[in-house]
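Summary of structural features
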Amino acid sequence: MPAAANVLKSLDTKTVCALHEEARRLRLGLGGGGPWLRAHLDPDGVHYLLPDPASYYWPGTPIRDAEIGWWQCTALLRMRNGEQVSGMVAVLPEAFTALPTTLPRRQQLRLAHRTRSTERDTYLWGRDHKAECAPQVCGYVPEATDSAPTTT
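Described below are features of the structure shown in this document.

Here is what the cut-offs are and how they apply
- Residues numbered from 1 in each chain as written.
- Predicted model: local features only at pLDDT ≥ 70, side-chain atom pairs only at ≥ 80, totals over all residues.
- Heavy atoms only, no water.
- Buried < 20%, exposed > 50% of the residue type's maximum accessible area, 1.4 Å probe, protein only.
- Helix = DSSP H or I, 4+ residues; strand = E, 2+ residues; numbered from the N terminus.
- Pairing = 2+ DSSP bridges.
- Axes fitted to C-alpha atoms, helices over the stretch in contact; angles between N-to-C directions.
- Contact = heavy atoms within 4.5 Å.
- Salt bridge = Lys/Arg side-chain N within 4 Å of Asp/Glu carboxyl O.

This part takes up the pairing of strand β6 (residues 84-91). Burial within β6 is extensive, with eight of its eight residues counted as buried. By the alternation rule, side chains of β6 split into Gln-84, Ser-86, Met-88 and Ala-90 and Val-85, Gly-87, Val-89 and Val-91, which are all buried. Direction of pairing for strand β5 (residues 71-78) relative to β6: antiparallel, over a ladder of eight bridges. Across the sheet, the residue bridging to Leu-76 is Ser-86, located in β6.

Encoded structure:
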């Protein structure tokens, strides 16, 4: 990975949702979440994003008739109930490098460790939240085409 990828970014909810939407729109394979994710993230929360590719998602690895041109990123997301969970999203390198870097290096290292070691992910959080999920609780109104994330 290039040096520009060796940094942890702090993001607001709107930016996290935009990155997931771009991954879904470009069919990068990691991301999505759509209205479900937007409704369940803390609207005022701070989220963190770190390029962290698995060996099979390493940039430049051949897939089908092309090479992987995006970065697999691990996200530390703050949910509506205050819990922090992990997630994955594919981010184009130029989109990642365009995000501002505002955290001191020491804080980035501490948060990178937390991001990588958080075992509870959006799928597990969504599964446990399903029983209480209602428009009155979180504002989410399921549509026929929406579903909770399966592996983000």
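Let's shift gears to the sheet that holds strand β2 (residues 47-51). With antiparallel pairing, the four strands of this open sheet are ordered in space as β1-β2-β5-β6. In this open sheet, the two edge strands, each paired with only one partner strand, are β1 (9-11) and β6. Averaged over all pairs of adjacent strands, the angle between strand axes in this sheet comes to 30°, irrespective of strand direction. As paired elements, β2 and β5 share four bridges and run antiparallel to each other. By the bridge assignment, Leu-49 is partnered in β5 with Ala-75. Against the sheet, helix α1 (residues 13-25) engages β1, β2, β5 and β6, with an angle of about 45° to β6.

What follows concerns the pattern of salt bridges. As enumerated under the stated definition, the model contains six salt bridges in all. The partner of Glu-21 in a salt bridge is Arg-24, and the shortest N-O contact between them spans 2.4 Å. Pair noted here: Glu-21 and Arg-24 are both in helix α1, with a separation of three residues, about one helical turn. The class for Glu-21 is partly exposed, based on a relative accessible area of 33%. Since its relative accessible area comes to 47%, Arg-24 is described here as partly exposed. For Asp-128, the salt bridge goes to Arg-120, with nearest N and O atoms at 2.8 Å. Overall, Asp-128 belongs to the partly exposed group, its relative accessible area being 39%. Judged by its relative accessible area of 25%, Arg-120 is partly exposed. Salt bridges linked by common partners bring Glu-83, Arg-120, Arg-127 and Asp-128 together as one network.

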